[in-house]
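# Observations on the three-dimensional arrangement
Chain by chain, the residues run as shown.
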Amino acid sequence: MLPRRDFIRTGLTGATALLVSKYSRLALHAAEASDSRIEILPEEVLGTISPNVYGHFTENLGGVIYDGIWVGEDSKIPNINGIRTELVNEMRKIKAPAVRFPGGCFADSYDWKDGVGPAGNRPRRTNFWGDGEAPDGQTSHKYDPNRFGTNEFAHFCKLIGAEPYLAANLRSLPAEDFYRWVEYCNSPAGTTTLADLRAAGGSAEPFNVKYWGVGNESWGCGGNFTPEEYAVEFRRYTTWVPRYGQKLAFIGSGPNDDSWNWTRGFFEELVKKGRGEIRSIWGWALHYYAWNMSRGRTTNWVEGKGEALKFDTVDWYEILRQGDVMESLIQGHWQIMGENDPEHHVKLVVDEWGPWYRPGSELTPHDQLEQMITLRDAVFSGATLDTFNRHPEKVAMAACAQLINCLNSLYLAHEDRFCVTPVGHVFGMYAAHQGGQAVRTEFSAPNVSYDRDGKATTFWGLKGSASLHGKDLVLTVVNPHLSETRATEISVRGVRFKSGSATTLTNSDIHAHNTFTERDAVAPLTKNVEANTKVLAYTFPPASVTKLAITLE
Ligand code: AHR
């Protein structure tokens, strides 16, 4: 790539430039001023981006369910059978493909039978997260009223057009309860006592739940197993589960970040009964939270966390650097899975991901694990979704943790107030990738350089992903640099651009965020792109996420 001043020196004079057409002038401008390049290789298809990669996670934790999703049928807050209408409307816009429920750690303490049958008869239970609730927090967060159970969750999924993904309790309920829950959800109308109970709860027709998590974080809150012990349990829980004509997809409780031994130990033990056992598992869950902002000073889970709102420029790059680890986790666990599953029958399901900051930035006081979502988290999330898009053959499903009033939330809500966070906007922009053919895309840009406690450090300068729906190209790009634009030449090998649009999410304040009173402080802006050219010149603003949606010739 030529340095900028060489481009200028070789440029045409003003008079000559007047003779060239408007569109070739654009291309010429790109050749003169660019410092970066993106080349899309449409012939090199990586695979189909599963819509489920854009999935969500809803745990019965803090304000996620009660207040976030469920407001109650008698509430003055607009609702559809008790479910917050504004949330339903927003989730339809982003084409939410799948939702995981009821946990998280909560799942391995949950008895699904408490959440079915007449609402008035349902028991109140101490929530798994109850001890973490403030004394003056909401009662429904400490003592689970079980008002939002299986039928309500399935109804929520139906309203937004998403697949339900249920996480079953492996730590504290027997295997029988697992297959009875499957029976409750999937046995045909009128066939079983549980189908009748489901009908009494408002749904004669089966829910046809395909995705079933078999425990959650079974190395920790989900039972404190060794990987070998868990593999034995997994086999037991998934053997001879009734199908009811449904191709059930069992998801094993996978590792936390780089616990390679958990993945290796599980798969080695699983296949001890024979190679065919690989067919019993559809997905392997990976959880990864970016949390340690101490720059190597500690590995303590509490002390190592950073602030959601008060951060400096180094913290900006550090959380992105941590998010970038997702790439190596996908590669690493995939490789280990391949040792016992060389045909890669089992796919990765990244069903908890996002940054995790220390408490103190909650928009609704006392909402446990709620944190404020800034532009930084939007950039983090764009980069993470791009990572998934670049591995469509490996990542079959994912769930951002968590949907509302929690960690990397798309929405914040309290009583009748609601807002879409910058992360919610990223999901809106990236929805266009769902079901597209991911194609190899080369990025070349100057690295970001910054001072990390006296040490010069670098981070990538531009990254993203591209997918094709026929002749419609979707290119998403993250510019992590806090102050520099990236003037970029974009080309699709062997093809001309026609026309399209560019949607950008950014703000001059890196701490910018949306609240109940300033709902649109961070919102995407869309403009048309005249692109009748072979090389498209586009300048990516600093600290931004951009989607280019362009029709090709
Ligand atoms: O998302 C919050 C918690 O983080 C989940 O319950 C658990 O699975 C993970 O450790």
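Residues numbered from 1 in each chain as written. Predicted model: local features only at pLDDT ≥ 70, side-chain atom pairs only at ≥ 80, totals over all residues. Heavy atoms only, no water.

### Observations regarding the site of the ligand
Within the structure, the ligand sits among 13 residues, and E59, C105, E217, Y289 and E352 are positioned closest to it. Separating an oxygen atom of the ligand from a side-chain N or O atom of E59 is a distance of 2.7 Å. Measuring from an oxygen atom of the ligand, one finds a side-chain N or O atom of E352 at 2.7 Å. Considering the ligand on its own, with 290 Å² of exposed area, one finds that the protein chains cover 93% of that surface. If you map the ligand onto the pockets, it falls in the second largest pocket. When grouped by side-chain class, the residues that make up the shell around the ligand number 6 nonpolar, 4 polar and 3 charged. (Near = heavy atom within 4 Å. Polar contact = N/O pair within 3.5 Å; in protein donor to acceptor, adjacent residues only side chain to side chain. Areas by Shrake-Rupley, 256 points an atom, 1.4 Å probe, with all protein chains shown as cover. 1 Å grid on protein atoms, 1.4 Å probe; cavity = no way out; pocket = protein on both sides within 12 Å on 5 of 7 lines; lining within 4 Å. Sits in = over half its atoms within 2 Å of the grid points. Nonpolar A, V, L, I, M, F, W, Y, C, P; charged D, E, K, R; others polar.)

### Describing empty space enclosed by the protein
What the rule picks out here adds up to 5 cavities of 30 Å³ or more. Here the largest cavity is characterised by a volume of approximately 60 Å³. Forming the boundary of the largest cavity are 15 residues, of which E217, S253, G254, A285 and H287 lie nearest the centre. Elements with a contribution of two residues or more to the lining of the largest cavity: β10 (249-252) and β11 (283-290). (Points joined across faces, edges and corners; volume = space filled by probe spheres on them. Helix = DSSP H or I, 4+ residues; strand = E, 2+ residues; numbered from the N terminus.)

### What about the state of the cysteines?
Applying the stated criterion across every chain, the model contains 1 disulfide. Each sulfur of the disulfide joining C105 and C221 lies 2.2 Å from the other. Negative torsions about the S-S bond denote left-handed disulfides, and the value of about -85° found for C105 with C221 makes this one left-handed. Of this pair, C105 sits in the loop between β5 (98-101) and β6 (125-126) while C221 sits in the loop between β9 (211-214) and α9 (227-238), and the two are 116 residues apart along the sequence. Given the relative accessible area of 12%, C105 is considered buried. The thiol sulfur of C406 is not disulfide-bonded, and the nearest other cysteine sulfur, from C400, lies at 9.8 Å. By relative accessible area, C406 is classed as buried at 0%. (Disulfide = S-S within 2.5 Å. Buried < 20%, exposed > 50% of the residue type's maximum accessible area, 1.4 Å probe, protein only.)

### Some words on helix α4 (residues 85-93)
Taken residue by residue, α4 has T85, L87, V88, E90 and M91 as its buried positions. The first or second residue beyond α4 is K95, which carries a positive phi of 55°.

### Quick notes on the nonpolar core
One finds F156, W212, W284, W316, W353, F388 and Y411 to be the most contacted residues of the largest nonpolar core, which totals 126 residues. With 10 residues, the top contributor of residues to this core is helix α11 (residues 313-340). Ignoring anything within four residues of it in the chain, the contact list for W212 reads Y165, L166, F178, W181, V182, C185, N186, L248, A249, F250 and I251. Of all hydrophobic cores here, the second largest spans 23 residues; its members include V477, V492, L536 and F540. (Core = buried A, V, L, I, M, F, W, Y, C linked by side-chain atoms within 4.5 Å. Contact = heavy atoms within 4.5 Å.)

### Description of the sheet that holds strand β21 (residues 486-492)
In spatial order, the strands read β23-β22-β25-β20-β19-β16-β1-β21-β24; together these 9 strands make up an open sheet with mixed pairing. Only two strands of the sheet have a single partner each, and these edge strands are β23 (525-530) and β24 (535-540). For this sheet, the mean angle separating the axes of adjacent strands, direction not counted, is 25°. Its contacts with the sheet put helix α12 (residues 375-389) on β16 (437-444), β19 (463-469), β20 (472-479), β22 (497-505) and β25 (544-552), and the angle it makes with β20 is roughly 130°. (Pairing = 2+ DSSP bridges. Axes fitted to C-alpha atoms, helices over the stretch in contact; angles between N-to-C directions.)

### Overview of the pairing of strand β17 (residues 448-452)
Every regular strand shows the same layout, with side chains that alternate between the two sheet faces. The pairing of β17 with strand β18 (residues 455-459) spans 5 bridges and is antiparallel. Bridge pairing in β18 places R452 opposite K455. The hairpin formed by β17 and β18 contains 2 residues between the paired strands, and D453 there has a positive phi angle of roughly 50°.

### Let's talk about the layout of surface pockets
Approximately 470 Å³ is the volume attributed to the largest pocket. N151, A154, H155, S203 and F207 are the residues nearest the centre of the largest pocket, which is lined by 24 residues in total. Mapped onto the lining of the largest pocket, the elements with two or more residues apiece are α6 (150-160) and α8 (193-200). Broken down by element, the lining of the largest pocket gets its largest block of residues, 6 residues, from α6. A per-class count over the lining of the largest pocket returns 11 nonpolar, 7 polar and 6 charged. Put simply, the second largest pocket is a space of about 360 Å³. Around the second largest pocket sit 20 residues that line it, and W129, E217, Y289, W301 and W356 are the ones nearest its centre. Among the residues forming the lining of the second largest pocket, the class breakdown is 12 nonpolar, 4 polar and 4 charged.

The analysis is restricted to geometry; functional conclusions fall outside its scope.
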